[in-house]
Amino acid sequence: DHEFVRHYVGCLFVVSTAHQRPMDAFVELQQRQQEMTRKPYPKWLTPYVFNYYLLLHDVSRGEEDNAQSIFQSMKATFSQQSTHMLRINSRSPDASLPSGMPDPWGQYLNRAESTPMDDIEDEDEGDSATAEDELKMGQGANGPVAEPTASKPTLQEVADGSADDPLQSSTVSDPLSQALNDPLSAKTKASGGATPSKGTASQPTPGQSSITSIHRPGDVLHGQYLTVSDHDRLRIFVNEMAIRGLIPHIERSIRALTDQVNSKKGIQRTLYSATKKWFGGTNKPVIMQGQSYNADAAELQSRKLADLSFLVQLYESAYNWYHTAKRDFHNDSAMMHYSGAVELAAVSLFMQGAYRRDPFNYFEEAVNTYEGVCKSHQFAVRSTLLFFEYLKFKGLYKEAAHALVRMTSDETDLTAALLTEQAAICYLRMSTPMIRKYAFHMLLAGHRYKKAYQRQHALRAYSLALQVYQTRGWWVAEDHMNFILGRLAAELHELNLAHQSYHELLAHQSRLVAPKQQALYLQEFLLAIKKFLISSDKPAFEKSQSSTSSCIDVVSMIPHARFPKIDAQQTRVILPGVADSTRLMSEEQGIPENEAATSVPLQRKHSAGASAEGDEGRREELWLCMEELAARFTVASSDSSARNGYLSAAPPGFVWDVRLFGPITDNSQYPRCALGERVMVEIVLANELRIPLALTNISLMWQMFPVSLTENSESPAADVSSMPAQEILESESVVCDTVPAMTLAPHTSQAVCLSLTPQLEGKLHILGIVYTITETSQTREGSGRARSGTQREVLATGLRFRQEIEPRGPRLNLTKDQRCSVMYGPDRRLQLAVYPPMPLLKLQFENVPTTLLCGEVRHCIVKLTNVGRVALHRLRAVCPENQQIVWGNVQERVPGREGIYSTVGQSTPANSSSTCELRDKVWPCFPLAASSAYTSASPMANDTQRARVCALDLPCDRLEPGGSVEVDCWMRGSPLPGQQTIDTLMFFNVAGETALKHRVLRHTCHIQVTESIRIAARARRSVALPRTGQDLNQFLVSVDVENLSQGDAATSPKFSIRQVVGISSHFAISPLLESEDAIELLSRETAYIHLKASHIHVDPGLVNVTNVPYPSGTLASKGAMINSMAIPCLELFGQDNVAHPFAASEPDRQVVSSSTSSRPPSSMRTQATPVHPPTPSSVAASIGIIVLWEAAVQEDGGEQRTAYGQYHMLLESLEAPVSSITAQSSMVTSYSATVRAGMEGSSDGAGADPDRMIVKTTLHHADKLKHNFATRRLCVLPVEVSLHNCHDAPVDVEVLPKPSVTAEAEQAPLVRMKTPPGSTAFCWVGGTHRKVRIQPAQEAIVRVSACLSRAAVYDMSALVVRVTKLDSKERVDQRSLAPSLVVLEEARPASTD
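Overview of the structure.

Cut-offs used in this document
Residues numbered from 1 in each chain as written. Predicted model: local features only at pLDDT ≥ 70, side-chain atom pairs only at ≥ 80, totals over all residues. Heavy atoms only, no water. Axes fitted to C-alpha atoms, helices over the stretch in contact; angles between N-to-C directions. Helix = DSSP H or I, 4+ residues; strand = E, 2+ residues; numbered from the N terminus. Parallel < 35°, antiparallel > 145°, perpendicular 65-115°, else oblique. Left-handed = near helix turned anticlockwise from the far one by under 90°. Contact = heavy atoms within 4.5 Å. Nonpolar A, V, L, I, M, F, W, Y, C, P; charged D, E, K, R; others polar. Phe/Tyr/Trp six-rings, centres within 6.5 Å; stacked < 30°, edge-to-face > 60°. Buried < 20%, exposed > 50% of the residue type's maximum accessible area, 1.4 Å probe, protein only. Pairing = 2+ DSSP bridges. Salt bridge = Lys/Arg side-chain N within 4 Å of Asp/Glu carboxyl O. Core = buried A, V, L, I, M, F, W, Y, C linked by side-chain atoms within 4.5 Å. Expected span 1.5 Å × (residues − 1). Arc of directions from axis to C-beta.

### Here's the deal with the packing of helix H17 (residues 475-491) against helix H19 (residues 515-546)
- Two numbers describe how H17 lies on H19: the axes approach to 10 Å, and their chain directions differ by 20°. By the angle between their axes, H17 is roughly parallel relative to H19. Crossing of H17 over H19 shows left-handed handedness. Together, Asp 479, His 480, Phe 483, Arg 487 and Ala 490 of H17 and Leu 520, Tyr 521, Glu 524 and Ala 528 of H19 make up the contact between the two elements.
- When the residues that make up the contact of H17 with H19 are grouped by side-chain class, the tally is five nonpolar, one polar and three charged.

As structure tokens, this is what we get:
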């Protein structure tokens, strides 16, 4: 009773004219009111209560005369100022209702919408409410509170104040329902205001419902029979009651209270002064919280006077009286009364507007005294709310937030939630918003709402806080809020929000959340989703979960999921797929013995960066160019107008048979597949969680549109059949394969191959995947929570989910609108066009090698089978020019053939030679026409990539459905070690009239190549004396063979040279020295083979093939000579780049002589055949060398096998070394090699310069002679210099002595071999400067003389040969002469006895 603001001032008596005795009713009401004044409740402000008498007359029912008579009696009895008659309901019930009349009682009635909540099944024993709590969801922590519908205002709405504010609602509660809605009800006060714990929530009082009644706007319209005049009479009644009765009564009460206070204050002041004068009194008052006053105490009368002034808005007078009262209360240590006076003094100051003092300190004092001294938290909260309004008005939002947060406690969760929420809004409304403080306090408010079982409000608060925390990298806080939101939304049956919250938990990569927590998230997600689906439509749910079909019409009831994450851009469509969709062979496993060729490799290279995509794009373009080349070649074979079997442009109507659609291909076209052929879709799934994901029954989600397709009907806008969806399902239009199970490890990505087989012609759209998520043992143990039987069943069986795959096309950048915005083109890789049955080629490779030695040749058998439903013909094989693979003839294959090479009998003479047209043994080579229609490859290049086409002649040029043939195939290892790739494209036409004219099959073979041997060769002129009838243009060929294998002799391969084959149009080779020893090489050993090349006559267009065999008795061959004319010896040589001068076909010559119309991009560049300038005849050699070898190789398992291989080299010019390995050789230079290099004259730096090798010079003199220096002091040695013109034009030749011959001869080192050890200087005598003109291919002899002075060894090569071309007049010194030694001995005279 320390305040009187809520005490009543007056009483209104209302009696209707329909009452039988209205005056007696007024008297009875007056007596009851007088009895109420003597009771404790309700309380009255003054003993003199203001009474006002209202006679209510219903015009539609009562009589006007009777009402007037009663009203006159009232005025006579109760005075005219205290009576009034109010007429209402002037509109007739039959009259039409007005359209725009407001409801006069609408703002005074509680319109809060509240509906009884259904029982929510929840078997968790964690933080969620029990079933008993769910039945009381309408009750708050301090009593039953109706829950408004939850809304999700945005951050801007909260800041602007447009969102709902619980403390600023304009709705005024109905006084009649105050006991129901007042959080500070008597029941709550009795219980101490504590929050009911779980399972012990406060029960509603008898006759009180826990759920307020529903009053929807528009359901009941009050005052619908009131006219405008009735509304005016209502206003007049209120005005007259206030002006004529209430205000005068309050004025009288204020005068009376003022007189009482002044009189009592005067007496009290006199007594107090006297007492203080005589007895003193300087001690401070003792704080007494329980101080009480009599009802007529002057202090209470001052407080009543202040409250009465405050009620009538006399704020200045109210402040003065409050200030007086608070001083008195403080002197008397009545702290409760003091706090109330200070509180309202502050409010009075605030309401004055232009106040003299700042009420800030008053509010602070009131709150501190209520909370700290009086221990009255409820009044402290009330004072804080008033203080909050003042601070908001002043714009002090930060201080307002601090004041609200200070009042939060653990006792009243609902109050704390309201205050914390308002504090959060204050942080947001600051001039510089404190966003993080706003989010944090809104999060705390949501937590307190949740503890108070106000789930709608908790959902709203958490949603507002999440707007700030999301996408900021605060994963722990975001995961916590999403988890609470998901649980609250599931309990409130808001599926969309529950999906969104749980998906945010499980769809993003968070490395800060513990695996146990994520396991709990997954369990809650599965349980909540299943609970909702069962409650919404249980039959549809059971049907969708039990169905095995993945058609969109069946799985449309399956919920969506966003985990595991699907990388839609990396999705690949493979047409057609292999027979086994689960066969995903890794590169480490290699290739099996019997491998089925596929259109594209199944394994995906996970190389990072743009280089990996660029390599894949270049390979895809290579395949497309090879396909177009095969089409040109096939059409040209039956077209008489084609030139040299090759079309310069693609055939009319040519369309690529693209088998792979992926991230780097042009997906604007629709993939084409045939009826009954399996289509594989490779999807990359990424698990971004820290727990494993167990997926079962994974299949593709599809939609089929039966359409009759023709060649030009590829648009989805084609006429779709009217076949109903149920008939499509029953006809099994699509047979979909299912992957039984797979487990995605945490933070890993894995590709899964799914396949389906269309059984109807039309349009097939692949929409996504359908899968079941189950609980793994790790997640079951990680959650650490006990589950009921139903929950364990749900987690064990899992739930089916679906996830769409929507790949995005390339970004458009052509027009200005496209460049200024983000627009993407179409991506149709998942929209398939299903055509009628087509032929399908299947290749099975037998004995495919996984490893090869460098240059090793391996034979394998290929089985070709037509597994389609239509026959095929015109089978072609295409491979790039630089890849070593040879295909045999289908009709000429000998079954059961053993070995790599064919051999000839022992009767065949050694060094046998034969002629052939090498072009017949080599596939024709054509330039590849590049096309960027399906790839995003790099721009065009200057040089040309070429490929070879082989026509495989089928029996009757046709392969029927189910038919198969076998063909031989030889593969050769590359000269360099490493990974070797052999690409082969099989091209065939479709028999009959179909929409697709041709089809292709791609095969890629990966082989690991290891080191074997290194071969180096060099051609040089012979310095031997010519014999009669022998051509002077013969030269020597030196071949060095080194075994590069490492290891001991027991495990390293042992190589043996079987045969050397020479191929040339002008020369034939033969051994320089006859030998019957086998050439065998162990590890790191080197052998030197010397051959002699002699000029022969060969018919134009043919080449001479010469064989030089070597014994090999220690190996399996037993010395049998290899038939180099049989496949694959010359065929492999012809496909090598070194064979270009001999095997160049007409298209090759066109490439060399003229530029092609279309060139491939630089991504197609490989080791194309170089276009060399013609070699001058003076140094031309033009001879090809094939070295055939065999080796004994020990496999890893200890088994021995014999490997066969061959190396190719082309000696185009003299003195130009050629090696099979372009890198730095590991061969150790020996003394003999150094001596040989010095004798070849390479030390002078001449190299293979053609101008310094125009004339071939040979010295003729005696090798050994004797001379008697006693009889003749000098010895003259005649020397003939033979000069042969190797040039194609006449030249002038000069022969002259080398200058400084003496000094050079004496200082020449041994290594250079200019003069051998012990040689002596000499001089030329006679005509030492000779000049002669030599015609082409003619010879001239010049004679000179050397003067020798003593017996010694002399080198006669001290001559200089200088050549002058007649056309250029340029004098060029020829290469230094080879050493030519002569031994001069002294002839002693015969002794005489």
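So that's the structure; there's more coming.
### Details of the packing of aromatic side chains
- Evaluation of the coordinates by the stated rule reveals 31 aromatic pairs.
- Both rings, one in Phe 26 and one in Tyr 53, keep their centres 5.8 Å apart while their planes meet at 80°; by these two values the pair is edge-to-face. In this pair, Phe 26 is assigned in helix H1 (residues 22-37) and Tyr 53 in strand E2 (residues 50-58), connecting sequence segments 27 residues apart. In this pair, the class of Phe 26 matches that of Tyr 53, namely buried.
- When the centroid spacing of 5.4 Å and the interplanar angle of 80° are considered together, the rings of Phe 1322 and Trp 1324 count as edge-to-face.
- For Phe 1322, a relative accessible area of 8% translates into the label buried.

### A look at the sheet that holds strand E44 (residues 1323-1325)
- With respect to topology, four strands assemble into an open sheet ordered E40-E42-E46-E44, the strand pairing being antiparallel. Edge positions in the open sheet fall to strand E40 (1255-1260) and E44, since each of these has one partner strand only. On average, each strand axis in the sheet is inclined to that of its neighbour by 35°, with strand direction left out of account.
- Of the strand pairs in this sheet, strand E42 (residues 1275-1285) and strand E46 (residues 1339-1348) are connected by ten bridges, and their pairing is antiparallel. Among the inter-strand pairings, Val 1281 is bridged to a residue of E46, identified as Val 1342.

### Here we look at the pattern of salt bridges
- Within this structure, the stated rule accounts for 42 salt bridges.
- For Arg 455, the salt bridge identified is with Glu 491, shortest N-O distance 3.2 Å. Linking Arg 455 in helix H16 (residues 455-469) with Glu 491 in helix H17, this pair joins segments that are 36 residues apart in sequence. Glu 491 shares its class with Arg 455; the two are buried.
- For the salt bridge of Glu 1280 with Arg 1343, the shortest nitrogen-to-oxygen distance reads 3.3 Å. A residue pair is termed long-range when its members are at least 10 positions apart, and Glu 1280 in strand E42 and Arg 1343 in strand E46 qualify at 63 residues.
- Residues participating in the shared-partner salt-bridge network are Glu 3, Arg 303, Asp 307, Glu 343 and Arg 382.

### Overview of the nonpolar core
- Ranked by size, the top nonpolar core spans 164 residues in total, and within it Tyr 438, Ile 683, Leu 685, Ile 769 and Phe 801 carry the most contacts.
- Per-element accounting of this core gives the leading share, eleven residues, to helix H10 (residues 335-352).
- Each residue touching Ile 683, except ones within four places of it in the same chain, is listed here: Ile 566, Thr 571, Leu 700, Gln 750, Ala 751, Val 752, Leu 754, Ile 769 and Ile 805.
- If you look at the next biggest cluster of nonpolar residues, it comprises 67 residues, including Cys 879, Leu 952, Val 965 and Ile 1183.

### A word on unusual backbone geometry
- Residue Phe 563 is joined to Pro 564 through a cis peptide bond whose omega torsion reads -5°.
- Tracing the backbone through its elements, the reader meets Pro 564 in the loop between helix H20 (552-555) and strand E6 (565-566).
- Residue Pro 1128 follows Ile 1127 across a cis peptide bond; omega there is 15°.
- Tracing the sequence through the fold places Pro 1128 in the loop between strand E36 (1103-1109) and helix H26 (1129-1135).
- Phi is positive for Ser 79, which is not a glycine, with a value near 80°.
- Relative to the helices and strands, Ser 79 resides in the loop between helix H2 (64-78) and strand E3 (83-88).
- Ser 79 gets classed as partly exposed once you look at its relative accessible area, which sits at 31%.
- The phi torsion at Cys 956 lies on the positive side, around 60°, for a residue other than glycine.
- Among the secondary structure elements, Cys 956 is positioned in the loop between strand E26 (946-951) and strand E27 (964-972).

### Observations concerning the pairing of E46
- Pairing analysis gives three bridges linking E44 to E46, with the strands arranged antiparallel. Opposite Trp 1324, over in E46, you have Ala 1346 as the bridge partner.

### Overview of the environment of Leu 29
- Relative to the assigned elements, Leu 29 resides in helix H1.
- Given the relative accessible area of 26%, Leu 29 is considered partly exposed.
- Along the primary structure Leu 29 and Val 14 are separated by 15 residues, whereas in three dimensions their C-alpha atoms are 8.9 Å apart.
- If we skip the residues at most four places from it in the chain, Leu 29 touches Phe 13, Val 14 and Val 15.

### Concerning the packing of H1 against H2
- The contact between H1 and H2 brings their axes to 10 Å, and the two run at 40°. In this structure, H1 crosses over H2, and the sense of that crossing is right-handed. Here Pro 22, Met 23, Phe 26 and Gln 30 of H1 lie close against H2, whose contacting residues are Ile 70, Ser 73, Met 74, Thr 77 and Phe 78.
- Looking at the contact of H1 with H2, its residues break down into six nonpolar, three polar and no charged.

### Quick look at H1
- Counted at 1.5 Å a residue, the expected span for H1 with its 16 residues is 22 Å, and the 23 Å between its end C-alpha atoms agrees.
- Every buried residue of H1 is accounted for by Pro 22, Ala 25, Phe 26 and Gln 33. The arc that holds the buried residues of H1, viewed along the axis, is 100°, so those residues lie on one side.
- At its buried positions, H1 is contacted by strand E1 (10-16), E2 and H2.

### What to know about the sheet that holds strand E47 (residues 1352-1355)
- Across the sheet, which stays open at both edges, the three strands sit in the order E41-E50-E47 with mixed pairing between neighbours. Strands with a single pairing partner mark the edges of an open sheet, and in this sheet they are strand E41 (1264-1267) and E47. Adjacent strand axes in the sheet meet at a mean angle of 25° when their direction is disregarded.
- Strand direction decides the pairing type here: E41 and strand E50 (residues 1381-1386), joined by four bridges, are parallel. From the neighbouring strand, Lys 1264 faces E50, where its bridge partner is Val 1383.

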